[in-house]
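# Notes for the structure review
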Amino acid sequence: MDYKEGEEWKGFDADMAGAFASRIGVKPEFKEIDWDDKTELLEEGAIDCIWNGMTMTEELQEIISCSQPYLSNKQVFVMPDDSRQKYSTPEECQHLLFAVESGSTGEDLLREKKYRYTAYETQKEALQSVCEKQTDAAVIDIVMAAYYTEKEEGFRDLSYRFSLNDEKICVGLRRGSDLTKEVNDFFAESLKDGSMQKTAKQYGIEGAVLS
C-alpha cells in the first residue's frame, strides 16, 4: 500500500493520496507514524489524514471521520509454499508461531483467537521473519499478501490461504473535517473514470477495489 523507493513514496495508497492532493491543489507530505498512535496524532493535528490500508471499524467511526470504504480486505495466513500443504483449516495452525504487524487488525484477531505471535513494526518485516524462519507464518492484509508474494522477488516462496475475517479499508480524517467529502468525491470520480482500477492493477490488487 505504501513503501519507499529511494526518497519517493510508492504504492496504491501513496499514488491515490498523491492524486487526491493534486486534485485539491496541495503538495502531499507522507509521514511515518507509530500505528498505535494514529487516531491521537490525527486529533492533535500532527497529521491530517490516515491513508494507509486502515480497516474501518465501529470503534474508529466513533472517534474519527471515515471516508467511504474503497477496498475490500481480509486478514490471511502467509506461509512457505512447502508447509502450507500440511494444513487444511486455520485450527490446524493453532500451534504455529505467527508474525504480525503491531497494532493491526491481524494482531487483534490473533490475540482474540489465542494464537501465539510476535509483533513487528511493519507487515513486510513480519513476512521477512517467516522467510528467515524466525516465525512459522504471518497474518497480514490480503492486498499486501497478493502484492508481496506475486511482485516481490524475496517473497515468492510464500503463499497465502485461510482468512480470519472480512473487512473494508477507508481513509481516516478528523471529525467534522470537510476533507471527508472531498475524499469521497475523489473516490467516486476515480471509479467513474477508471483511474482507481488502473492504479490498483499496477500493484496487483484490482480485485479488491470496491465499486
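See the structure above.
Residues numbered from 1 in each chain as written. Predicted model: local features only at pLDDT ≥ 70, side-chain atom pairs only at ≥ 80, totals over all residues. Heavy atoms only, no water.

### Some remarks on helix α5 (residues 105-112)
Along α5, the residues that are buried comprise Gly-106, Glu-107, Leu-109 and Leu-110. One side of α5 carries all its buried residues, which in axial view fall inside an arc of 165°. On the buried face of α5, the contacting elements are β6 (75-80), β7 (97-101), β8 (116-120) and β9 (137-141). Of the residues one or two after α5, Lys-114 is the one with positive phi, at around 65°. (Buried < 20%, exposed > 50% of the residue type's maximum accessible area, 1.4 Å probe, protein only. Helix = DSSP H or I, 4+ residues; strand = E, 2+ residues; numbered from the N terminus. Arc of directions from axis to C-beta. Contact = heavy atoms within 4.5 Å.)

### Quick word on unusual backbone geometry
Look at Lys-114: it is not a glycine, yet its phi comes out positive at around 65°. Turning to its location among the elements, Lys-114 is positioned in the loop between α5 and β8. Given a relative accessible area of 67%, Lys-114 falls into the exposed group. Backbone geometry places Phe-162, a non-glycine residue, at a positive phi of 60°. Positionally, Phe-162 belongs in strand β10 (residues 158-163). Accessibility expressed as a relative area gives 15% for Phe-162, which makes it buried.

### Description of the environment of Gly-25
Relative to the assigned elements, Gly-25 resides in the loop between α1 (12-23) and α2 (38-44). Taking the C-alpha atoms as reference points, Gly-25 and Arg-84, 59 residues apart in sequence, are found 48 Å from one another.

### Observations regarding a negative patch on the surface
Among the surface-exposed residues, Asp-34, Asp-36, Asp-37, Glu-40, Glu-43, Glu-44, Glu-121 and Glu-125 lie close enough to one another that they form a single negatively charged patch. At 3 residues, the largest contribution of residues to the negative patch is made by α2. Among the secondary structure elements, Glu-43 is positioned in helix α2. (Patch = residues over 30% accessible without salt bridge, like charges linked within 9 Å, V, L, I, M, F, W, Y side chains within 5 Å. Areas by Shrake-Rupley, 256 points an atom, 1.4 Å probe, with all protein chains shown as cover. Salt bridge = Lys/Arg side-chain N within 4 Å of Asp/Glu carboxyl O. Lys, Arg positive; Asp, Glu negative; His and termini not counted. Charge placed at Lys NZ, Arg CZ, Asp CG, Glu CD.)

### Overview of the packing of aromatic side chains
Per the counting criterion, the structure on display carries 15 aromatic pairs. With 6.5 Å between their ring centres and 65° between their planes, Trp-51 and Phe-186 make a pair best called edge-to-face. Of this pair, Trp-51 sits in strand β3 (residues 49-55) while Phe-186 sits in helix α8 (residues 179-193), and the two are 135 residues apart along the sequence. In this structure an aromatic cluster arises from ring pairing among Phe-12, Phe-20, Trp-51, Tyr-70, Phe-186 and Phe-187. (Phe/Tyr/Trp six-rings, centres within 6.5 Å; stacked < 30°, edge-to-face > 60°.)

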